[in-house]
Structure formats: structure tokens, C-alpha cells
Amino acid sequence: MCGIIGYLGEREAIPILIEGLKRLEYRGYDSAGIAVFDHDRIEVKRCMGKVSGLENLFKTGRNSASVGIGHTRWATHGRPSEENAHPHTYEGVAVVHNGIIENYLTLKNELKSRGHHFSSETDTEIISHLIAENLQAGLKPLEALRKALAKVEGSYALAVLIESHPDILLAARNQSPLILGLGNGEMFVASDSPAILPYTRQVIFLEDGDLVQITQSQIKIETQSGASPSRPIHTISWDDSQAEKGGYKHFMLKEIFEQPQAVADTLRGRISVEQGDVFLEGLEDRRENFLSAKRIYLVACGTSYHAGLVGRYYFERFCLLPSEAELASEFRHRNPIIGPETLMILISQSGETADTLKALREGKAKGCPTLAICNVLGSSISRMADFTLYTHAGPEIGVASTKAFSTQIIALYLTALALARDRSLVSPAGTKDKIQELLKIPQLIKKCLGLDPEIQMIARKFSGFQNFLYLGRGINYPLALEGALKLKEISYIHAEGYPAGEMKHGPIALIDREMPVLALATHGEGRDKIRSNIEEARARCGRVIALVNEGDEEIAERVEETIAVPRTQEELQPILNIIPLQLLAYHIAVIRGTNIDQPRNLAKSVTVE
Ligand code: M6R
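Residues numbered from 1 in each chain as written. Predicted model: local features only at pLDDT ≥ 70, side-chain atom pairs only at ≥ 80, totals over all residues. Heavy atoms only, no water.

Colleague: When you look at the side chain of Asp552 in this model, what are you seeing that I'm missing?
Modeller: Tracing the sequence through the fold places Asp552 in the loop between β25 (543-549) and α18 (553-556). Side-chain polar atoms of Asp552 contact the backbone nitrogen of Ile555, separated by 3.3 Å. Contacts of Asp552, omitting those with residues within four sequence positions, involve Ala521 and Arg527. (Helix = DSSP H or I, 4+ residues; strand = E, 2+ residues; numbered from the N terminus. Polar contact = N/O pair within 3.5 Å; in protein donor to acceptor, adjacent residues only side chain to side chain. Contact = heavy atoms within 4.5 Å.)

What follows is the structure, given as C-alpha cells:
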């Protein structure tokens, strides 16, 4: 949560910081702030709410500062307010922070006992106090930062300005993401690459414990113990235009419509129809670890967890392995019986979700081979896992995950297929069939996107309801969960996803004319049974919208609205089924006038537990 940015160069810093913060706003938008130099003094401007409000504060007056730091906040300690907005300054030290300082109360009390006064309720403010104290004691900037952080427990990505040293920027990372951007005569610090993509694609991914001193021409990285680690420079392949709306009204809509391309990119270079084979770069070298797996754990949060629930079917069906999908936030609170024979698959778009990261740590500590399915290059999860399969979906900016879901499912499908091949559970001919079907998916998604006008009409009809029930069976059950999650997070309508077979065990009591029921009734094992559930809902005056395959008149005749998607193999059908569910949630939210790309109370990456 929270996005931070820092700039040091020759251009005007404020427009760069504002634009960067707008691109990081998906990480939080409770308040925003900037600190820059103004004639050797640090000038701070902060406001409640969004970066656009901050931008307005700079409309009058001119500041041509070329060094500065900025922050967009998702509140953890202290309510959203101007006083709690970052940067936090003390005696010429300004700090922006993403993370949580766990021992801040102890440190705050110690500082108070030494006469310090605080102006916010945040955990962050103590960092500026500690650094200022160390500078006053005569330490150089990097040493002052090192000594301050030696006292701090918790997670942080930091950028620091020091009034007495206007030509440097300090940064540090521990368990919160931070990258350095290397430009031509200019340097950047940011929580994520979209913030700096307009200026550079050359980046360094900092590691936990790194402390950095940046000047216009040099970056000095040290560890807490004073060592100088070598950190490679990576080139980001994402294109700057991918982080812009490109004519769409919202990022979410753009990202929904990008799915044909995103899925094609996940598949690119990984399948061959001629050879009837799957190639997962790097995985081949670690085959032994993966082959010895006797059990699979798919661990993730939110939408990525729903992808994991779909993936479970693949590992059970193709690989005949006992497979569990687990919520990362619950995983560690049990005593998961895992070890070297458990393959742990961590699924995360951002690669920074705190619970997923912690589950990965636990898995590694217990000796599990670990595979990450991630979208963000160099993210914490991808670097910690033994092996990463990138989804290559391009930046996902909308808080509601869309293309991440479909591409994660593709990545899981490929992994299961590779594992089944290695275990001789699928013949080359069988693999070839599956690959041929996979190759059709981008085109079939395009067909589903063509349903958009129909779905807009359905959205108009149903946007006024306060509750929704999504029902699915088998591989469509995770889709019911995901459809409901999409609706609730962006339209604020209460929506529940339920396994259709459980309807009679409780939720049927809710059904009346005020309860629309979206039934996932595409072909496969559960289709006939869900047809019966539809009848049961109708018998109680439920208003049913059915998602069916094209040509399924039998169900169409029995329901109020039908959405008909093309047919593909049952295992791949979720990738088509999710498209209308995403569009329906999107259009209902548009009609209700909510903030679609930045729904209230949410942030894109949940980097705190
Ligand atoms: O980056 P991750 O995939 O680890 O994020 C997991 C969830 O926070 C995320 O999927 C969340 O549920 C989305 N807002 C759902 O649209």
C-alpha cells in the first residue's frame, strides 16, 4: 500500500513527481504530498484525497526545484488527514514511507522523553526524527539513515530529503518494494515501474536491507552492515503507453479489452503445435524438484486465489496430484503439513502481497519447492521463489484485477500440462489437442468482448439492486466467486459467490424478486445440475441471468436474461466466462457512478497483513 517516488536531476521535479504519483495512485489514494527544495529550504505540500488535489496546490506559484520526493497514501496508522499525509518532516529531514514500523510506539516514547514533539499520528514520523537526531550528532547522511533504521522493526520503502544536503536523495528498502530508475543525468526512486516509465526503462530492484545514497551521477548502495552489494541493472520491457488509458474511459475497461493480447503474450514462446509440447523457460532446469512433488498447494489472495481454485482442477485432472488452493492470509494460521514433497505455487499479480509473501517464506522454510506466477518483473515474490513464470500481461493499473486473472489461469494451465507431460500422464497427441485449443482462446475472448452492448443493457436493468448471488459448480465455482468479487469491489453492491450445490443449504432463503441470481451454466459436468438450481431460484421468484454457451436454448428459455459465450474445452471455459462477468460489474459500476479504477478503501497491492 502507498506509493512513493523520488527524483533528482535537472528537470523540474514537481511535474515528474505529480505524474509519477498519479501512476502510483492504484496503491492508495487517501492523501498525497510532495517535498521539494525551494531556495535551499524544503517546501512541503500535502492534501487529503487524490493527487489531482495536490496538483491544484501547485497551480499558483512556481518552483523549479529539481530534487523532490512524493507520496500517495493508503492509511494504516492514523486516519486519512492532511496532518497524517506524507512527507513527514522534522528539523530539515523529509520522509516518505510505504510499510509499517512495528515498534514505532516504543521509539516515539523514547523520542518524546528526549524532548521531541510530533505533529502526526503516523508511524512514519519517527523516522524523520531519528535521522535528524543522527545528523545533529554529526553523522553523514547515509550513516544517519543506517543508524536510524537499525532501531526500526517492520517494513519500509523510504525516500528521504535532507535540507543540509540538497544534492542527494536517500532511499531504503525492507519488505516493501522499491526500485531505482537510471536516467540520463537523472535518477529516480519509485514503488513501481509505471511511475518512471516515461523517463527510463533501466532499473535496479533493491533488496531487503539496502540503503541508497543517490546523486545526479551516482548511486551508492550499501547493506545495513556496510557492505557494497552488486545489484544488476534490468531493462523493463513494458511500454510506457501500456500504463496509460489509451482512449478508454477507465483502466479497468482498457485492461478487460486487452485480454486477447495479454493471453497471447502469456502463451508466446511457450507452446509448439508442431512438437505438441510446452516450454516453460527455466522450469526445465528444476524439473527434479517439481517431478518429486506428491502434492500441490496453490496459495494466493483475492482474484489470484480464485485463479488458484481454477488451477487446482488442472493439477488434479492432468497431473492426478492432490491439490489445494489456499488463501494466503489463512495459510499461516493453521499448521499446513507441507515439506519437500509439496510443490507450492504462489500466485500474485503484483508479486508484493504481504500474506502471499509470508506464505512463500514459510513454504521455503519447510523445504517446499516454490513456483511463483507473477506479472511484475523483479517483484519480491518472483525473486524469492525458486522459479517464476511471468504472465506478461503488461501493467495492470485498475484496482480490480481483470487481465491478471485470465493470464494466471493460462499460466497455471501450462504448468499443469508441463507437469503432466513429465509424468507421462498426457500423450504428445493429447498435448497437441490442448495446445490447439489454447491458441484459439485470444480470438474467442474477442468474441466475448463483442457482447459488450448486450451486457450494458443487462447492467441498466440490474444496476439498482442491492444484492446479487452468483452460482457456479465445479470449475465454474471459482468464477462465481470472482464475478461476485468484481461486482462488490467496484459497484459496492453486496454480492456473494456460492457453489450452486450449496444453495439449498442456506442461501435459497434469500431468494425473492429483489435478489438477482447470476448462474454460470456453461457446458461441463455441472451444467445439468445448475439448470435445476435455476428452476429452484425461479420457483422462488428469483430473477435469473444465465451465462450459457452459444446455442443453449434450453436454459435461455427459462431465464430472464441470457449471456451466451463461445464454447471451448471445459477446462478453458473459465477464461471466456470471466469476460462478461467483468463487463457486467464494470457497466453496473459506471451506472452507479462509483470510482471504478480506485474503489473506496481499496489499494492495488496489499503490502500489509
Ligand atoms: O497482486 P496480487 O495478485 O497478489 O493481489 C491479490 C489481491 O489483492 C487482488 O487480487 C485483489 O483481490 C483485487 N482487487 C481483486 O480485483
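Colleague: How do you make sense of helix α16 (residues 477-491) when you look at a structure like this?
Modeller: In an α-helix, one turn spans 3.6 residues; hence positions three or four apart end up facing the same way. For α16, which comprises 15 residues, the first-to-last C-alpha distance of 21 Å matches the rise-based estimate of 21 Å (1.5 Å per residue) to within 8%. For α16, the buried fraction is high: twelve of the 15 residues fall into the buried class. Taken together, the buried positions of α16 are Pro478, Leu479, Ala480, Leu481, Glu482, Gly483, Ala484, Lys486, Leu487, Glu489, Ile490 and Ser491. (Expected span 1.5 Å × (residues − 1). Buried < 20%, exposed > 50% of the residue type's maximum accessible area, 1.4 Å probe, protein only.)

Colleague: Can you walk me through the confidence of the model for the protein chain in this structure?
Modeller: Detailed conclusions should not be drawn from predicted coordinates in areas where pLDDT is low. The pLDDT averaged across the protein chain works out to 92; a share of 99% of its residues lies at or above 70. The secondary-structure element of the protein chain with the lowest mean pLDDT is helix α8 (residues 287-291), recorded at 74, while helix α19 (residues 573-592) shows the highest, at 98. (pLDDT = per-residue confidence, 0-100.)

Colleague: Would you explain the domain arrangement of the protein chain in this entry?
Modeller: Often the size quoted for an interface is simply the accessible area lost on bringing the parts together. Along its sequence, the protein chain is carved into domain 1 (2-240), domain 2 (251-446) and domain 3 (452-592). For domain 2 and domain 3, the distance between their C-alpha centroids amounts to 26 Å. Listed by partner, the interface residues are 30 residues for domain 2 and 27 residues for domain 3. With both chains or domains summed, domain 2 and domain 3 bury close to 2,500 Å², and 73% of this area falls on carbon and sulfur atoms. Taken together, domain 2 and domain 3 are joined by two salt bridges. Between Glu570 and Arg317 there is a salt bridge, with the nearest N and O atoms lying 3.5 Å from each other. Counting the contacts that link domain 2 with domain 3 gives eleven residue pairs in polar contact (both at pLDDT 80 or more). Elements with a minimum of two residues in the side of domain 2 that touches domain 3: α6 (251-257), α9 (302-319), α13 (403-422) and α14 (428-449). Residue composition of the side of domain 2 that touches domain 3, grouped by class: 19 nonpolar, seven polar and four charged. (Domains from an automatic or database assignment. Buried area = accessible area lost by both parts, 1.4 Å probe. Salt bridge = Lys/Arg side-chain N within 4 Å of Asp/Glu carboxyl O. Nonpolar A, V, L, I, M, F, W, Y, C, P; charged D, E, K, R; others polar.)

Colleague: What is the right way to look at α19 in this model?
Modeller: Taking 1.5 Å as the rise per residue, α19 with 20 residues should run 28 Å; its terminal C-alpha atoms sit 30 Å apart, in good agreement. Of the residues flanking the end of α19, it is Gly593, one or two places downstream, whose phi is positive at about 75°.

Colleague: Can you help me understand the site of the ligand in this one?
Modeller: In the vicinity of the ligand lie 14 residues, with Ser304, Ser348, Ser350, Thr353 and Glu489 positioned nearest. At 2.4 Å, a side-chain N or O of Thr353 approaches an oxygen atom of the ligand. In the model, a nitrogen atom of the ligand is placed 3.1 Å from a nitrogen or oxygen of the Val399 main chain. In isolation the ligand offers 410 Å² of accessible surface; the protein chains occlude 92% of this area. Those elements that provide at least two residues to the shell around the ligand are α9 and α16. Taken domain by domain, the shell around the ligand gets at least three of its residues from each of domain 2 (251-446) and domain 3 (452-592). (Near = heavy atom within 4 Å. Areas by Shrake-Rupley, 256 points an atom, 1.4 Å probe, with all protein chains shown as cover.)

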